[in-house]
Amino acid sequence: AAGPERPQVVSHVQQALSYTVFDCKWVPRSARLLCLGSAARGTGLIQLYELHGARLELLREIEKPKPIKCGTFGATSLQQRYLATGDFDGNLNIWNLEAPEKPVYSVKGHKEIINSIDGVGGLGIGEGAPEIVTGSRDGTVKVWDPRQNDTPVANMEPVQGESKRDCWTVAFGNAYNQEERVVCAGYDNGDIKLFDLKTMSLRWETNIKNGVCSVEFDRKDINMNKLVATSLEGKFHVFDMRTQHPTKGFASVSEKAQKSTIWQVRHLPQNRDIFMTSGGSGSLHLWKYEYPAQRSKKDSEGSEMGVAGSVCLLQNVTLSTQPISSLDWSPDKKGLCVCGAFDQTVRVLIVTKLNKI
């Protein structure tokens, strides 16, 4: 249903790749983007492209010993724009893309693959120290300060006797001042855990009954507002993080978006109530969150509890026959977005009419 005011998702450039792409990222304050992945011979690749009108020009290709699963610019300054990556061998590396021969920081962070990475405190977003969080198949979630060598500043691991779960996704949030900061992690058994880095404690946990593929706060640098979690079986959940009830936790609304896995969720940087989900069927869905008339109410005991809003589908488009595994909005140009799919193609998209919503 494409009404005159509905946003359209337009495929602007398609670039075929000769390798499996796991992550793609815009380079902040530029018309450049990165593709991270695994070459056929089992090495890691970082490709740097520049957008020229309707084509992508390959500026640099960097090969590394191990396949690269994920990357972030979130903990770097705008001046340096260093890329942090997690690889299949559990290594966390930070690269200067101008001189990528050897990493500016490197640590064997995990015993197994790093599935997910996020950064905060860089790019002028969020208060506090620059930090990187990594989540791994080894069941641990670790927070790193790249100014400190070798040891994580926080290590969230299963307690003794608890079985270790594959951590598929991690995200920072609540970084609105120097002291506050949280990490949310999602696991293969449906567990979602919220770690408070200020008190070094588990602040909240829930289970959404299906593997958690992606979690993201609508903004990192504000009081926790909303969190979206996507799952293996095509559902996503939006949690209202403003009001935590002592026993019921956070209110949420869930939506069955499609029949296949929702690989990623990414909020529009310029409007935190709009987000895109990418799917196993090669489709993208653009959503808008509508707040309820009142965001909290008192329960029978007089405790505050949150009230969930609703989500509405703005647009959906199928781009690929294979899963779209990664997605990144441009932080600078509203509506510009890049996605990578398992059909070995990277696509630059333009989403129109976002200022009319």
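Residues numbered from 1 in each chain as written. Predicted model: local features only at pLDDT ≥ 70, side-chain atom pairs only at ≥ 80, totals over all residues. Heavy atoms only, no water.

Student: Looking at this model, I keep getting lost on the sheet that holds strand 18 (residues 212-217). Mind explaining?
Tutor: The pairing of strands in a sheet comes from backbone hydrogen bonds and takes either a parallel or an antiparallel form. One open sheet holds the four strands; their spatial order is 18-19-20-21, and the pairing between them is antiparallel. Only two strands of the sheet have a single partner each, and these edge strands are strand 18 and strand 21 (252-256). The average angle at which neighbouring strand axes cross in this sheet is 15 degrees, direction not considered. The sheet contact formed by strand 18 and strand 19 (residues 226-231) spans five bridges and is antiparallel. Looking at strand 19, one finds that serine 214 is bridged to threonine 230. (Pairing = 2+ DSSP bridges. Helix = DSSP H or I, 4+ residues; strand = E, 2+ residues; numbered from the N terminus. Axes fitted to C-alpha atoms, helices over the stretch in contact; angles between N-to-C directions.)

Student: Looking at this structure, I do not really get the pairing of strand 2 (residues 20-26). What am I missing?
Tutor: Where burial is concerned, most of strand 2 is hidden: six out of the seven residues are buried. Summarising the sheet, strand 2 and strand 3 (residues 32-38) pair through six bridges and their orientation is antiparallel. Residue pairing in the sheet places cysteine 24 in a bridge with cysteine 35 of strand 3. In textbook terms, the turn of a hairpin is the stretch between consecutive antiparallel strands, and for strand 2 and strand 3 this stretch comprises five residues, one of which, arginine 29, has a positive phi near 55 degrees. (Buried < 20%, exposed > 50% of the residue type's maximum accessible area, 1.4 Å probe, protein only.)

Student: I tried to follow the UniProt feature "repeat: WD" (unreviewed entry) in the chain on my own but got confused; where do I start?
Tutor: Per the UniProt record, "repeat: WD" (unreviewed entry) is found at residues 132-154. With 0% helix and 43% strand, residues 132-154 has end C-alpha atoms that lie 10 Å from one another. (UniProt positions renumbered as here; feature names shortened; annotations may be inferred.)

Student: What's the story with the packing of aromatic side chains in this structure? I'm lost.
Tutor: Two descriptors summarise a pair of aromatic rings, namely the distance from one centre to the other and the angle between the planes of the rings. Evaluated as defined, the whole model comprises eight aromatic pairs. Aromatic side chains tryptophan 204 and phenylalanine 250 sit 4.9 Å apart centroid to centroid with 85 degrees between the ring planes, which places their arrangement in the edge-to-face category. With tryptophan 204 in strand 17 (residues 201-207) and phenylalanine 250 in the loop between strand 20 (235-240) and strand 21, this residue pair connects regions lying 46 residues apart in the sequence. Residue phenylalanine 250 is classed as buried on the basis of its relative accessible area, which comes to 6%. Taken together, a centroid distance of 5.1 Å and an interplanar angle of 80 degrees make the contact between tyrosine 289 and tyrosine 291 edge-to-face. Residue class for tyrosine 291 comes out partly exposed when judged on its relative accessible area of 30%. (Phe/Tyr/Trp six-rings, centres within 6.5 Å; stacked < 30°, edge-to-face > 60°.)

Student: Is there a simple way to think about the pattern of salt bridges in this case?
Tutor: When their charged atoms lie close together, side chains carrying opposite charge are able to pair. Counting across every chain of the model gives 22 salt bridges. With a closest N to O distance of 2.9 Å, lysine 226 and aspartate 218 form a salt bridge. Given the relative accessible area of 0%, lysine 226 is considered buried. For the salt bridge of glutamate 304 with lysine 298, the shortest nitrogen-to-oxygen distance reads 2.5 Å. Beyond isolated ion pairs, a larger network of salt bridges with shared partners links Asp218, Lys226, Arg272 and Asp273. (Salt bridge = Lys/Arg side-chain N within 4 Å of Asp/Glu carboxyl O.)

Student: Can you walk me through the pairing of strand 9 (residues 105-108) in this structure?
Tutor: On a regular strand, each side chain points to the face opposite its neighbour's, so the side chains alternate between the two faces of the sheet. Residues Tyr105 and Val107 line the buried face of strand 9, whereas the alternating positions Ser106 and Lys108 sit on a face that is not buried. Summarising the sheet, strand 8 (residues 91-95) and strand 9 pair through four bridges and their orientation is antiparallel. From the neighbouring strand, asparagine 93 faces strand 9, where its bridge partner is serine 106.

Student: What is the right way to look at the state of the cysteines in this model?
Tutor: Two cysteines, two sulfur atoms, one covalent bond between them: this is a disulfide. Overall, the coordinates contain zero disulfides when judged by the stated rule. Free of any disulfide, cysteine 35 has its nearest neighbouring cysteine sulfur in cysteine 24, separated by 5.7 Å. When its relative accessible area of 0% is taken as the criterion, cysteine 35 is described as buried. Left unpaired, cysteine 213 is separated from the closest cysteine sulfur, that of cysteine 167, by 12 Å. The class for cysteine 213 is buried, based on a relative accessible area of 16%. (Disulfide = S-S within 2.5 Å.)

Student: Sorry if this is basic, but what is going on with unusual backbone geometry here?
Tutor: Negative phi characterises most residues that are not glycine, and trans characterises most peptide bonds. Phi is positive for glutamine 344, which is not a glycine, with a value near 60 degrees. As for its placement among the helices and strands, glutamine 344 is situated in the loop between strand 29 (336-341) and strand 30 (345-351). Phi at lysine 353 takes a positive value of approximately 60 degrees, unusual for a residue other than glycine. For lysine 353, the location among the structural elements is in the segment after strand 30.

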